[in-house]
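Take a look at the letters that make up each chain.
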Amino acid sequence: MTDQHEAANATVGATPAAPVAAPPAGDIVAAHEAQPSVAFVEPAKPAVAPLQAPAEPAKTFAIEETPAAHQAKKAGAKTEENLDISEHMLPIAEIQKKFSVVVTPEKPASSPGLSTAEAAKRLAEQGPNQLSPPKKRHPILKFLDHLLGLFNLMLLAAGIASYILLAIDFQGNKPNLWLGGILILVAFINALIEFIQGQKSAAILESFLNLIPAKCYSIRDGKVAQTSALELVKGDVVYVRTGDKVPADLYVFAANEFKVDNSSLTGEADPQERVAKNSHKNPLEATNLVFNGTLCVNGDGYGIVVRTGDNTVIGQIASMTANESRGKSPLTSEIDNFVYIIAGVAAVVAILFFILALTVKALTISAALNFAIGTFVSFVPEGLPATVTVLLTFAAKRMALRNVLVKDLQGVETLGAITLLATDKTGTLTRNQMTVTYIWTGGDLYYAQPMSESSTEAQEAKTLDMTNAAVDEIVHIAALCSRARFETMEGSVAERPILGDATETGLLRHAAGKLPEFDGIYDRYAKVLEIPFNSENKWAMTIHKKKHSKGDLMLYLKGAPERVLRLCSTFFENGEAVPLTEEHKARFEKSYTFMASKGHRVLAFAALALPGEQFPADFVFTKDPVNYPSTGLTFYGLISLEDPPKHGVREAIGHCREAGIKVMMVTGDHPLTAEAIGRKINLMLQDTKELMAEKRGVTVDEVPESDVRAIVIHGERIDALSEEDWDNIFDKEEIIFARTSPKHKLQIVKRAQARGHIVGVTGDGVNDSPALKKADLGIAMNVSGSDVSKEAAAMILIDDNFASTVSGIEEGRLIFQNLKKSIQYTVTHTMPEVWANILYIVVPIPLPLGSMLILVTDLGFELPIALAYAWDPPESKAGLMKLAPRKPVTPASLERLKRRQREAAVDAPPVDVESGVAPPKTFGGKLSTMWRHFTALFTAKYWREKFEPTEEEVLVDRGVLSWAYLEAGTIITIGCLVSYFTAMYFYSMHSDVDLPSRITPALVVSNGANWGTSGVSKADQKTVAGIDPDHQEEAHNVGQSAYYMALFFQQCVNHFICKARLGYPWGRGMLANRMSFAGVFVGFVFVLCIVYIEPINIAFSTSWRLSPLIWLIPIAFGFLLYGYSIARTWYIQRRKPVNFNRDVVGLQMYPTRWSTRG
């Protein structure tokens, strides 16, 4: 058996690193010595067999070059010193020559380093050692971005059009003085809401970033001194010790058990040993390089600065992030399309009626233009932009209460629309905190975490029993044979910070939680000797003053299992040490294989009770010459550790899969480790091709590809994948990419998007940031996340709880449903407003709904009722997460997408062969593109694609438009017109003044052009059927009031009808939202004020004389509308029933047994 991670922890053929001389006393406290970091061992027959990496290393390790960089090269510009790294292949002599610095590897603390003057000179030439901050857009420009969004542009256009009407006919369009101003003001307010929300998110994000300048130890003029990391230059000599963050990319020339945590850069959870020798070509695997931003977890080392600022590896990855751009969110695209539809319909109708007004009605050009612009304005739902923004803002606030920070309001809905969630492993799905899992000692297997009797673990192992002598002793060995220490003894064991590598941290935390008197253990059992772990021995040893029956000293040893077993001659069993037999070795092999097959890191533990006559209590041990025993030990057992999944991750991924979202792991960790975790958290339930072959007893090639539903891909295969390979991978239900680089993660995201996926990416490391930026929705971790990843993401999980993504997906789906309800409800009132204008000019009749009443419809009673949808609960909580994504990726959608891509490629501009980038468009090119898009509107292909049946659900679909403009819009318009004519007739019957004749619809229609006094010149005013113009005007005001109130009452019914998206409009769900009743009440009070307060009547041309009996007409039409909606729902459900996702077989929807919060 071989240790899977030995290669990562040792240089091939390397001897143990020589101890590094410490800096002068008083400058730096001596660094901790190292300890073993033994990863899980692959058994002879692993339970999991992922795709193996090619034996040949990759040929190039340059960070992926961006098109911008390529163009700069073409222009002869000097790029940032080549984006590949080669220093790790050079000997120390050449490094000294290249960077003009002198060091002494034998005595590194005595190295001269750079002179202060030379360092200052280089700092002036090279600039500070910091990443270039991301370019920030000026707040005014950000505000303008929001203001010039299509929705707000529509409002601004309507406002300007209102002022054009005012200019054409000031007297006839006096209300437009207010209408235009209010429309423009609403656009500014709407933009301001979005701007403020964005600024708040940016301020919160700024507070999360680490703004404190880092300090480090450098050697200049032969002296060690603390220096600001910003002042480091190439050639500087830097000393790094345990707990320090590496301040720049360093070439290591001296090391003492030096280990770094590269997880934020590579995704590798295991600490990586760094020495002064290297045999790896890949710089990320080079054992003589440490990188800016990584953490020293053990030992200490000296290095020469070879890269600073943007030229470091982290800087190169950050530049990849800067060169990536996130496309429009699905919601933004659909709202833009909706605006195009409204603007298109309004423009066509306005042009049509402009022509009719000129020809049929023989109006003057100014009067016809007045009518056309009025028709256009009436199509604009003035309150809808504010409604959408406020609904998204409320959703963002609800997500903030769940510790999810949304930078962009549209991101709320995007999370609900994702079809594929690509997630990092270390620190995202797992805690990045090694945890003791199994203990095999005394011949028995124990489970170290809480478990229930019915759990799988209970069938495999016993509950940990600390009263057992073997268990107690192996836990003591784990605690004492260690260099890890708590930084403070305050607080609970689970919360205390620990100084040490991940493996020893896990062992220490477990021991502290199990041993009753742990806090004084190091004083009771003082250490007298320590032999640190090294890459040759693969074990660490300590000797302690601990009394036993034979003497006063105990020797403890831990390390790679096969190495430790070779040093043992006895086996601890039944409370005593017995001779080690072949039967013991077979049991060891079985337990070792069991632990390793689960992807765990496995360590072995042994002890030797030193005889007092040979080793008295005051015996002085020395390392050279060796005077301590290292054979004849007693084997105590094995302990396995894993980086466990976070609390709630298993259920979260299960819920995602139930919601039809494909969850994919993309990690820099080992394939075996990644697959083992994936199988614990519902990410991988089915067999890979290799596992199928093993179970069937056939070769891998004999397994049909159609049978395979799960796949594990090694990162080194990615660059060689063909289009067919990518299609094959994404066709699988369960996917894991392991050993991936930042370039690979970005490539995976782009490939998924090219197949039509709406991609969400979660991650916390620097290596995740390019993918976070490119994804439709990047989700970063706050606590464990790097600053670069937080900047790149569109959403941040403040408490690092991955399970919050499920709440976010549910919230996103709910807000989409509620937005759709709100738009369907809001747009419905457009038709009664439009028909009022059309009938006014075509029939003509006195204008049933004036401009100011349209304004107090859209921005009056409609707003509180529409905003109430923000609090609407899901119709069925379980059902919402059982629906397929609204834009699913299916074979049909893939075929449609590829066909359109082929057609688009024909019309695409030529691409530069060398750079692969299209040249920038000239003004003429842009005009040509616009003309091509315009002419496309008149082709059969355009309309065929527009009405092509798809599986997608969009914000404004044919169902919404049909209901709003044709079905409900028509019924409500009829109800309003009946109320309008009836109210005028009723007024003529019950007026305070006895009118000579009744105001019938025929009378109104035949004299509509000259009715009343408003908008009619004195010369054209006339008495009709004995009714003078003033009474005509009052009757008209009563009719307008009735039209307005009829619209309100029917819209109230429509509000509740629109709540039913998945079923019939009845039941508890229709009444569950109290804010609906509050909105209706506020709207009702508002309408009463407009109609029945006499002073207000003057401004809005309404009348308090409207009889409440007229209310019965729109209420009756409301019941008619409700009955029609039930019949419509029955027909739709019969023709196209709602399809819920099938259950995913094998999901484990319960917490992992050891999982605890915090």
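Thresholds, definitions, all that
- Residues numbered from 1 in each chain as written.
- Predicted model: local features only at pLDDT ≥ 70, side-chain atom pairs only at ≥ 80, totals over all residues.
- Heavy atoms only, no water.
- Helix = DSSP H or I, 4+ residues; strand = E, 2+ residues; numbered from the N terminus.
- Expected span 1.5 Å × (residues − 1).
- Buried < 20%, exposed > 50% of the residue type's maximum accessible area, 1.4 Å probe, protein only.
- Polar contact = N/O pair within 3.5 Å; in protein donor to acceptor, adjacent residues only side chain to side chain.
- 1 Å grid on protein atoms, 1.4 Å probe; cavity = no way out; pocket = protein on both sides within 12 Å on 5 of 7 lines; lining within 4 Å.
- Points joined across faces, edges and corners; volume = space filled by probe spheres on them.
- Nonpolar A, V, L, I, M, F, W, Y, C, P; charged D, E, K, R; others polar.
- UniProt positions renumbered as here; feature names shortened; annotations may be inferred.
- Phe/Tyr/Trp six-rings, centres within 6.5 Å; stacked < 30°, edge-to-face > 60°.
- Lys NZ or Arg CZ within 6 Å of the ring centre and 35° of its normal.
- Axes fitted to C-alpha atoms, helices over the stretch in contact; angles between N-to-C directions.
- Parallel < 35°, antiparallel > 145°, perpendicular 65-115°, else oblique.
- Contact = heavy atoms within 4.5 Å.
- pLDDT = per-residue confidence, 0-100.
- Left-handed = near helix turned anticlockwise from the far one by under 90°.
- Salt bridge = Lys/Arg side-chain N within 4 Å of Asp/Glu carboxyl O.

Going by what an unreviewed UniProt entry lists, the protein chain is known as Cation-transporting P-type ATPase N-terminal domain-containing protein and is assigned to Geranomyces variabilis.

With 29 residues, helix H36 (residues 1029-1057) extends 41 Å between its outermost C-alpha atoms, agreeing within 8% with the 42 Å of an ideal straight helix rising 1.5 Å per residue. With 26 of its 29 residues buried, H36 lies for the most part within the structure. Between the side-chain oxygen of the N-cap and the backbone nitrogen of Asp1030 there are 3.0 Å, and the N-cap of H36 in question is Asp1028.

All chains considered together, the criterion is met by 4 cavities of 30 Å³ or more. Its volume calculated, the second largest cavity comes out at about 70 Å³. Along the walls of the second largest cavity sit Ala422, Thr423, Asp424, Val666, Lys745, Ile748, Val749, Val761, Thr762, Asp768 and Ala771, which together make up its complete lining. For the lining of the second largest cavity, the residue count by class is 6 nonpolar, 2 polar and 3 charged.

Take the environment of Met451 next. Inspection of the secondary structure assignment puts Met451 in the loop between strand S13 (444-447) and helix H14 (456-460). C-alpha separation for the pair Met451 and Thr463, spaced 12 residues apart in sequence, amounts to 7.7 Å.

When the UniProt feature table is mapped onto this chain numbering, "transmembrane region" (unreviewed entry) sits at residues 143-165, 177-196, 338-359, 371-395, 834-856, 963-987, 1071-1093 and 1108-1127. The span residues 338-359 is 100% helix and 0% strand, and its two end C-alpha atoms sit 31 Å from each other. In this annotation, residues 371-395 is assigned 84% helix and 0% strand; the end-to-end C-alpha distance for the span is 40 Å.

Within this structure, the stated rule accounts for 34 aromatic pairs. Each ring, one from Phe615 and one from Phe619, has its centre 5.1 Å from the other, and the planes form 80°; the classification is edge-to-face. The exposure class of Phe619 is partly exposed, given its relative accessible area of 26%. The structure contains a cluster of three or more aromatic residues connected by ring pairs, namely Phe861, Tyr1044, Phe1048, Phe1049, Phe1084, Tyr1092 and Trp1111. Across from the ring centre of Tyr522, 3.8 Å away, lies the NZ or CZ of Arg485, which sits over that ring. Positioned above the aromatic ring of Tyr525, the side-chain terminus of Lys546 is 5.1 Å from the ring centre.

Once that is clear, we can look at the packing of helix H10 (residues 330-359) against helix H13 (residues 410-417). Orientation of H10 relative to H13, taken along the N-to-C sense of each, is 105°, at an axis distance of 7 Å. As the angle between them shows, H10 and H13 are arranged roughly perpendicular. Facing H10, whose interface residues are Pro330, Leu331 and Thr332, H13 presents Gln410, Glu413, Thr414 and Ala417. Per-class residue counts for the contact of H10 with H13 are 3 nonpolar, 3 polar and 1 charged.

At the junction of Asp624 and Pro625, the peptide bond is cis and its omega measures out at 5° in the coordinates. Relative to the helices and strands, Pro625 is located in the loop between strand S22 (601-610) and strand S23 (633-642). The phi dihedral of Asp221 falls on the positive side, at around 55°, and the residue is not glycine. Positionally, Asp221 belongs in the loop between strand S3 (215-220) and strand S4 (223-228).

All right, on to the environment of Ser228 then. Mapped onto the elements of the fold, Ser228 is located in strand S4. Separated by 11 residues in sequence, Ser228 and Tyr217 place their C-alpha atoms 8.5 Å apart. Setting aside anything within four residues of it in sequence, one finds Ser228 in contact with Ala214 and Lys215.

What follows concerns the confidence of the model for the protein chain. Confidence along the protein chain averages 82 in pLDDT terms, with 87% of residues attaining 70 or more. Long-range and interchain partners of residues 1-83, a stretch whose pLDDT sits below 50, account for 200 contacts in this model, where long-range means more than four residues apart. Considering only residues more than four positions removed or in separate chains, one finds that residues 1154-1158, a stretch of pLDDT under 50, has 15 contacts.

Taken N-terminus to C-terminus, the directions of H10 and helix H11 (residues 365-379) make an angle of 155°; their axes are 8 Å apart at the nearest point. What the angle tells us is that H10 and H11 run roughly antiparallel. For the pair H10 and H11, the sense of crossing is right-handed. In contact with Ile342, Ala343, Val345, Ala346, Ala347, Val349, Ala350, Phe353, Phe354, Ala357 and Leu358 of H10, H11 contributes Ile365, Ala368, Leu369, Phe371, Ala372, Thr375, Phe376 and Phe379.

Our next topic: the pattern of salt bridges. Across all of its chains, the model carries 46 salt bridges by this definition. Residues Lys425 and Asp669 are paired through a salt bridge, measuring 3.0 Å at the closest nitrogen-oxygen approach. Placement of Lys425 in the loop between strand S11 (420-423) and strand S12 (435-441) and of Asp669 in the loop between strand S24 (662-666) and helix H21 (671-680) is noted, with a sequence separation of 244 residues between them. The pair formed by Lys425 and Asp669 is uniform in burial state, with each residue classed as buried. The salt bridge partner of Glu460 is Lys598, with a shortest N-O separation of 3.6 Å.

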